[in-house]
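If you want the building blocks of each chain, they are given just below.
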Amino acid sequence: MAARWLVGIDLGTVNTALAAVDLAAPGDLADAVAARPIPQLVGPGEIADRPLLPSSAYLPGPELPAGAARLPWEAGEPAAVVGAWAREQGARVPGRLVTSAKSWLAHPRVDRTAAILPWGAPEGVRRLSPVDASALYLGHLRAAWDHRHPDAPLARQEIVLTVPASFDEAARELTLRAAERAGLGRPRLLEEPQAAFHDWAARHRGDLENALGGARLVLVVDVGGGTTDLTLIGARLRADGPELIRVAVGDHLLLGGDNVDLALARRAEERMRARGVDRLDPARFAMLVHACRLAKERVLAPGGPERAPVAVAGCGSRLVETAASTELGRDEVRALVLEGFLPRIPARERPRRAPRTAGLAELGLPYEPDPAITRHVAAFLAAHASEARGARGGAEGLPRPDAILFNGGFFTPSEVRERLREVVSSWFPEAPPIAALDAPALEVAVARGAAYHALVRRGLGLRIGGGSARAYYVGIDAPGGRQALCVVPRHLDEGARVAVPRTFALALGRPVRFEPYASAGARTEAPGDVAPVTDDLAPLPPVETVLQPPASGGAAPRSPATSEIPVRLEAVLTEIGTLELWCVAADGGARWRLEFQLRGRGGADERRSEVAALPRRFDEARALVDLFYGKKAPAERRDVKGLFRALEKLLGPREGWPTPVVRELWGALHAGRARRRRSADHERLWVQLTGYCLRPGFGAPLDAWRAAETFQAYREGLQHQGDPHAWQAWWVLWRRIAGGLEAAAQQRIFETVAPFLPPPDPRRPVRVPGVKPEAVDEMIRLAGALERLDPSEKVEAGEWILARAEKDGPAPHLLWALGRIGARVPFHASGHLCVPARTAEEWIARVLAMGAAAASDRAFALAQLARRSGDRARDVDDAVRAEVLRALAAAGGSGATIRSVREVAAAGTEEESRIFGESLPAGLRLIEAEDAGEGPPGAAPAAPG
């Protein structure tokens, strides 16, 4: 069925809007583009139309009466309330309101498909993933539309869905996944600044040249609830009218109205605490942030009050006594917005890249360290000076925009727009002030522009050209070091396919890793060009996959043992606005689609290790492993106990073996996994060496695959169970590589060791089939390394370990395991899996009461339990932290340990080794997830068999 409607959807951080045009409408269709009211709950059982749908979801408990949340198009009670009433109800009940899901979609260091929202919610509250929350809002639009247009369901109309221009490929794909879950298929994506400009151009389409007023370069500044989007659009005069070209887009900036609300909430909390109110827990602080948002909107609205109250409800049985309130005044809100976010600065100033403070990470999101939007605008103009051809230059070589188009709710107050225009104009003192293009409907401009874009695609409006705002690359290893191979040049048109003129040898049947990069900078590489990897190349989620040989004539694929074929890379910028990467056989036959990894896990699988040539005698070392574990190993070879020492003679002391060496050794060991059972010594040495070579289970390319392959040995179990040393090595192996194991694997291990964690009861000995009660201390340490367990299971394990320590004394392995289980900053897992801060506080009190513990062991546990993360949902109370700092100082704790509790600080190499429990492989750097791993296209580890 042909679409009757063209629909634009602005899925916003704070509000969602929908606009549409009926293709059957009479007259000029551009005049018929209009925002559509959205029916939604505005109170218990009360439905009304509103121009916007607040991007808020309330997860109800027993507090809502039956039928209060029912919608006319729903058969029963919905699992979540969406929209205006959800936002209001969330302001009254802490911890049940999901907001800012769009910001989480672009957060690479968490699993965006995991149920993590509301962040910091109390125990027992159901949670949603950022993708599912976004799908809820889109699903509400679909259901409401279908109820009103039963003859034209929304899924069958032509839909344009907007995203920030700075969204990377993962965030765009996750947005499309949310649309699919909402029943909308895969709509076309459009960048929000372009949509805003489309809306402006549509309103002036009859006399666009005069409306531009001679402007040849327009700066679009779009500051919404969660992001700041910067775009340059050039206008060229042609005989048939203006031509519009999107010149450049900015990097992703998690900076917007949410930051203002957070800053106001911190100010309000300081006033409350000055009156004796305790520090707010995460759920009540989120309520305060929401209350500050509403107060801000009230005092800055035309004709609004001078002051507005903000309050948070009490908790527990003392609701009235623990309730807290204060006021925000118009002048202080205005001053915070203007001076804090739009300060007057000279053109030379750039964003300050200081470490993120606790305030900026308060809600679990990695907000920009510098909230000054004016500095980000100056940096953006400087980065694209060479592309703004014909623009008048100014101080510090910045190109002068002729006009600014404002968009986003941040700019609703006119004085906010005027401040930014004034600051940018001041950078060009010899030129007249920069003009501001009129923007009368900021809240719906993007949705209307998206619907108008659908008309443009049908030839009924002025198109914004310029193609892709980014160039795309794939990392390769070259003689001169790490290089980036261009696969998509900037300004490539949508729908275009690029065949990269280079051939690669692709390993089939084995894991391969491709590492894409993107750059919005002024780069000129063409497909096939190679350039150094520089700071302006932003890593995208890696592609890790096993590509199988094609079947021939319906037959099963041939054995991939030594399969390797020549391929070329192809890239496609799809019509819906996404990037596809393909491997194409050189003969043009087989094709393989490369899928981006979309499940971030706290950055663990995006870290990078040293790339180095293998030692001269490495082949001898690999042959030595094959001598004991290879298929043709002679039966008489029984002296395997000397294997470690023999390897050290060839490769040097084991402590210095770099990451590439140990991972290649792992490949040789894994190939001999089936032969580890030749004797008890063979099995024990295989277990010891495998764990040593794969530790910590992540950090090098393809480690996730290596860890999954190694876990097959866990399923097979230990063969020679009579050797206590073998059991010790067995548990050490899984502790060493726990960081690379998926949650399901960690859960299986925990179910095995959990019965051994409580204090032993001689009357009831523990019996687990297939497990001997040997090396229980190593089982306990292993339990501490299982960071991907559900927090409730961690709490249970921690209580068992504390009970052991309080009964038998605080042994080092008990304190180490407790510190790992209750750590505020996990070693490899996502922060949403931490035990509650209140639990950590209780454990700290019990550890402080253990006077017999060694100072260093107790200091480690205390530092892990009290470490400052910058996230209110995880950090312990300031009074508890102060007590820990006093204890650490009295025990002579190191400066690094004390600093990690006092302020947000990255772990150093020595501290990482202590957290891990032993030294890490030489050259392994556990750095932020923004840095991608190493490995050329088609690279694979040693064959496993």
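Numbering of residues starts from 1 in each chain and follows the order in which that chain's sequence is written. Restriction of local features to residues with pLDDT of at least 70 applies here, the model being predicted, together with a cutoff of 80 or more for giving and counting side-chain atom pairs; totals for whole chains, interfaces and linings are based on all residues. Values reported for side chains reflect all heavy atoms of the structure, with hydrogen atoms and water molecules removed beforehand.

## Some remarks on the overall build of the protein chain
Point 1. Numbering goes from the N terminus for both helices and strands, where a helix is a DSSP run of H or I of at least four residues and a strand is a run of E of at least two. Secondary structure summary: the protein chain contains 29 helices and 33 strands in total.
Point 2. Its C-alpha atoms give the protein chain a radius of gyration of 30 Å, within 12% of the compact-globule value 30 Å for 945 residues.
Point 3. By principal-axis analysis of the C-alpha atoms, the protein chain measures approximately 90 × 75 × 60 Å.
Point 4. A burial count over the protein chain gives 58% of its 945 residues as buried.
Point 5. In this description, contact between two residues means that some pair of their heavy atoms is separated by no more than 4.5 Å. Taking the intrachain contacts of the protein chain between residues at least 6 apart in sequence as the baseline, contacts between residues at least 24 apart amount to 71%. When we talk radius of gyration, it's over C-alpha atoms, and the globule rule is simply 2.2 Å times the number of residues to the 0.38. The classification of residues rests on relative accessible area computed with a 1.4 Å probe and restricted to protein chains. Under 20% of the type maximum is buried, over 50% is exposed, and intermediate values are partly exposed.

## Structural notes on the packing of helix α15 (residues 618–629) against helix α17 (residues 659–671)
Packed helices, taken two at a time, are described by the angle between their axes plus the distance between the axes.
Point 1. Where α15 contacts α17, the axes come no closer than 9 Å and their chain directions differ by 30°. Our classification of the angle between α15 and α17 gives roughly parallel. The two elements α15 and α17 meet at a crossing, and its hand is right-handed. Facing α15, whose interface residues are F618, A621, R622, V625 and Y629, α17 presents V661, E664, L665, A668 and L669.
Point 2. Any residue that is not Ala, Val, Leu, Ile, Met, Phe, Trp, Tyr, Cys, Pro, Asp, Glu, Lys or Arg is counted as polar, Gly included; the first ten are nonpolar and the last four charged. Broken down by class, the residue content of the contact of α15 with α17 amounts to eight nonpolar, no polar and two charged. A fitted line through C-alpha atoms represents every axis, and for helices the fit uses only the stretch in contact; the resulting angles, taken between N-to-C directions, go from 0 to 180 degrees. Between 65 and 115 degrees an angle is taken as roughly perpendicular, under 35 as roughly parallel, over 145 as roughly antiparallel, and anywhere else as oblique. Throughout, a crossing is termed right-handed when the near helix is turned clockwise from the far one, and left-handed when it is turned anticlockwise from it by less than a right angle.

## A few points about the nonpolar core
Point 1. The criterion is simple. A nonpolar core is a set of buried Ala, Val, Leu, Ile, Met, Phe, Trp, Tyr and Cys residues joined through side-chain atoms within 4.5 Å. With 106 residues, the main nonpolar core has L138, L288, F410 and W427 as its most contacted residues.
Point 2. Of all the elements, helix α9 (residues 282–300) adds the most residues to this core, at eight residues.
Point 3. Counting residues in hydrophobic clusters, the runner-up holds 96 residues, among them Y692, A726, I915 and L924.

## Remarks on helix α5 (residues 169–181)
Point 1. Every helix has an expected span of 1.5 Å times one less than the residues it contains. Relative to the 18 Å expected for 13 residues at 1.5 Å per residue, α5 spans 18 Å between its end C-alpha atoms, a close match to the ideal helical length.
Point 2. For α5, the set of buried residues is E169, A170, A171, R172, L174, T175, L176, A178 and A179.
Point 3. The N-cap of α5, judged by a side-chain oxygen 3.1 Å from the amide nitrogen of A170 a few residues on, is D168.
Point 4. In the stretch just after α5, G183 is the one whose phi turns positive, near 85°. Any pair of N or O atoms that falls within 3.5 Å is considered a polar contact. Within protein, one atom must be able to donate a hydrogen and the other to accept it, and sequence-neighbouring residues count only if both atoms are side-chain atoms.

## Considerations on the environment of L865
Point 1. The residue L865 is located in helix α26 (residues 855–866) in this model.
Point 2. Classification of L865 by relative accessible area gives buried; the value is 0%.
Point 3. When near neighbours in sequence (up to four residues on either side) are disregarded, L865 contacts L818, G822, R824, A840, W843, I844, V847 and V876.

## Regarding the pairing of strand β14 (residues 241–249)
Point 1. Burial analysis of β14 places eight of its nine residues in the buried class, the great majority of the element.
Point 2. Being paired, for any two strands, means DSSP has found at least two bridges between them. Across eight bridges, strand β13 (residues 228–238) lies against β14 in antiparallel orientation. Paired with L232 across the strands is A248, a residue of β14.
Point 3. Between β13 and β14, which follow one another and run antiparallel, lie two residues.
Point 4. For β14 and strand β19 (residues 464–465), the ladder comprises two bridges, and the chain directions are parallel. Its bridge partner lying in β19, I245 is registered against G465.

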